Amino acid sequence: MSILIDVAKGSLKNKAILVPAALAVHLLMPWAVMPMLAAGGAYFAYEGIGKMKALLTGKDDHHHVPVDIPGEDAATARARKVKSAIKTDMILSGEITAVTMAATLALPFATQALVMGGVAIGATVGVYSIITAIIKMEDLGAWLASRKSDSLPSKAARPIGRAILAGKPHVLNGISVAGGLAIFM
């Protein structure tokens, strides 16, 4: 969870850079908003093609950061993983910011700034809350499934816990499919 908190903090820092930068671009170079969206779309198309290639061939030779590197100490591995996740978040946050900018172009500047700030904070809180819930899903399922008492609530909790544990892989697969589709959208 501490890694997730660090990544969420990094995400907020990313957005603290991106939102003012996007507002400045809109004020100084309004013509650049659409090319920014196109560049983000091209990047996501590239990523989507990589995902499809991996799905069809079974080989994921796309440029993913290794989970574990032999001989790497825990602190270095943690820092590398956090940095990689924040970098990925920067790319996604940039596209969210550009899409929000494009959607609010007709609004007054102050309203535009408020909407963009709200979307930035809301997206960060929403995404990392969902990720936390998915991570904790297994803990909840295990806790419910391991209830020892013969009371009615415990008897009812055990199958619910087992269902949660059995459902988690399906949830993760669904997220993977939805993510792949979202890249193309």
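The preceding data block contains the structure.
Computed from a predicted structure; not experimentally measured.

Rules behind the numbers
As a convention, each chain's residues are numbered from 1 in the sequence order in which they are written. Local features are withheld for residues below a pLDDT of 70 in this predicted model, meaning they are given only at 70 or higher, and side-chain atom pairs are given and counted only at 80 or more; totals for whole chains, interfaces and linings count all residues. Excluded from the side-chain calculation are hydrogens and water; included are all heavy atoms of the structure. Here a helix means four or more residues in a row that DSSP labels H or I, a strand means two or more in a row labelled E, and each is numbered from the N terminus. Remark: exposure states derive from per-residue accessible area (1.4 Å probe, protein chains only) relative to the maximum for the residue type, with buried under 20%, exposed over 50%, and partly exposed in between. Contact criterion: two residues are considered in contact whenever any of their non-hydrogen atoms come within 4.5 Å of each other. Accessible areas in this description were obtained via Shrake-Rupley with a 1.4 Å probe; residue shielding takes into account the shown protein chains only. By convention in these notes, a salt bridge is any Lys or Arg side-chain nitrogen within 4 Å of a carboxyl oxygen on Asp or Glu. Here the term patch refers to residues with relative accessible area over 30% and no salt bridge, with like charges joined within 9 Å and nonpolar side chains (Val, Leu, Ile, Met, Phe, Trp, Tyr) within 5 Å. The axes are straight lines fitted to the C-alpha atoms, using for helices just the contacting stretch, and the angles between their N-to-C directions are given from 0 to 180°. Crossing handedness is read from the near helix: turned anticlockwise from the far helix by less than a right angle, it gives a left-handed crossing, and turned clockwise, a right-handed one. Each residue is assigned to one of three groups, with Ala, Val, Leu, Ile, Met, Phe, Trp, Tyr, Cys and Pro labelled nonpolar, Asp, Glu, Lys and Arg labelled charged, and all others, Gly among them, labelled polar. In plain words, nonpolar cores are sets of buried Ala, Val, Leu, Ile, Met, Phe, Trp, Tyr and Cys residues tied together by side-chain atoms within 4.5 Å. Two rings from Phe, Tyr or Trp (for Trp, the six-membered ring) form a pair when their centres are within 6.5 Å of each other. A pair whose planes differ by under 30 degrees is stacked, one over 60 is edge-to-face, and the rest are tilted. Definition used: whenever NZ (Lys) or CZ (Arg) falls within 6 Å of the ring centre and also within 35 degrees of the ring normal, the charge is taken to sit over that ring. Just so you know how the angles are binned, under 35 degrees is roughly parallel, over 145 roughly antiparallel, 65 to 115 roughly perpendicular, and the rest oblique.

Undergrad: What exactly am I supposed to notice about the overall build of the protein here?
TA: A tally of regular secondary structure across the protein gives five helices and zero strands. Across the protein, helices and strands are ordered from the amino to the carboxyl terminus as α-α-α-α-α. Seen along its three principal axes, the alpha-carbon backbone of the protein occupies a region of about 70 × 40 × 35 Å. Within the span of the protein, comprising 185 residues, buried residues form 28% of the whole. Sequence separation of 24 or more characterises 64% of the internal contacts of the protein that already satisfy a separation of 6 or more. In the structure as shown, the protein presents an accessible area of about 11700 Å², 73% of it carried by carbon and sulfur atoms.

Undergrad: I'm lost on the environment of Pro 35 in this one. Help?
TA: Within the secondary structure layout, Pro 35 lies in helix α2 (residues 33-57). The class for Pro 35 is partly exposed, based on a relative accessible area of 44%. Spatially, the C-alpha atoms of Pro 35 and Ala 98 are 9.7 Å apart, while their sequence positions differ by 63 residues.

Undergrad: Explain the pattern of salt bridges to me, please; I cannot follow it from the model alone.
TA: Side chains carrying opposite charge are able to pair once their charged atoms draw close together. Counted under the stated rule, the structure contains five salt bridges. Ionic pairing is found between Arg 78 and Asp 6, a salt bridge with its closest N-O pair at 2.7 Å. Of the two residues, Arg 78 is situated in helix α3 (residues 74-103) and Asp 6 in helix α1 (residues 2-28); the sequence distance between them amounts to 72 residues. Linking Lys 168 and Glu 138 is a salt bridge whose minimum nitrogen-to-oxygen distance equals 3.3 Å.

Undergrad: Mind showing me how you'd approach a nonpolar patch on the surface here?
TA: A cluster of nonpolar side chains, Leu 27, Leu 28, Met 29, Trp 31 and Phe 109, forms an exposed patch at the surface whose accessible area comes to about 590 Å². Mapped onto the secondary structure, Trp 31 falls in the loop between α1 and α2.

Undergrad: Whenever I open this one, the packing of α3 against helix α4 (residues 109-145) confuses me. Can you help?
TA: Packed helices, taken two at a time, are described by the angle their axes make and the gap between the axes. Viewed as axis vectors pointing N to C, α3 and α4 meet at an angle of 145 degrees, and their least axial separation amounts to 10 Å. The hand of the α3/α4 crossing is right-handed. Here Asp 89, Ile 96, Thr 97, Thr 100 and Met 101 of α3 come into contact with α4, specifically with Gln 112, Val 115, Met 116, Val 119 and Tyr 128. Among the residues making up the contact of α3 with α4, the classes are represented as six nonpolar, three polar and one charged.

Undergrad: Would you mind showing me how to read the side chain of Thr 97 here?
TA: You can see Thr 97 is positioned in helix α3. Owing to a relative accessible area of 7%, Thr 97 belongs among the buried residues under this scheme. Sequence-distant contacts of Thr 97, defined by excluding residues within four places in its chain, comprise Leu 18, Val 19, Ala 22 and Met 116.

Undergrad: I keep staring at the nonpolar core and nothing clicks. Help me out?
TA: One recurring pattern in soluble globular proteins is that nonpolar side chains are buried together. Ranked by size, the top nonpolar core spans seven residues in total: Val 19, Ala 22, Leu 23, Val 33, Met 101, Met 116 and Ala 120. Those residues in contact with Leu 23 that sit more than four places away from it in its chain are Met 101, Phe 109, Gln 112, Ala 113 and Met 116. Grouped together as the second largest cluster of nonpolar side chains are five residues, Leu 4, Val 7, Val 82 and Tyr 128 included.

Undergrad: What should I look at first to understand the side chain of Thr 124 in this one?
TA: Its location among the elements puts Thr 124 in helix α4. A relative accessible area of 4% places Thr 124 in the buried class. The contact partners of Thr 124, leaving out residues within four places of it in the chain, are Ala 8, Ser 11, Leu 12 and Lys 15.

Undergrad: Please explain the packing of aromatic side chains as it appears in this structure.
TA: For any pair of aromatic rings, the description consists of the separation of the ring centres together with the inter-plane angle of the planes. Scanning the model with the defined rule gives zero aromatic pairs in all. Looking at Arg 147, its charged tip hangs above the ring of Trp 143, at a distance of 4.9 Å from the centre.

Undergrad: Teacher, can you tell me more about the packing of α1 against α4 here?
TA: Orientation of α1 relative to α4, taken along the N-to-C sense of each, is 160 degrees, at an axis distance of 10 Å. With respect to their mutual orientation, α1 and α4 come out roughly antiparallel. Where α1 crosses over α4, the two elements pack in a sense that is right-handed. Every residue of α4 that contacts α1 at Leu 4, Val 7, Ala 8, Ser 11, Leu 12, Lys 15, Val 19, Ala 22, Leu 23, His 26 and Leu 27 is listed here: Phe 109, Gln 112, Ala 113, Met 116, Gly 117, Ala 120, Thr 124, Tyr 128, Ile 131, Thr 132 and Ile 135. Here the contact of α1 with α4 is composed, by residue class, of 15 nonpolar, six polar and one charged.

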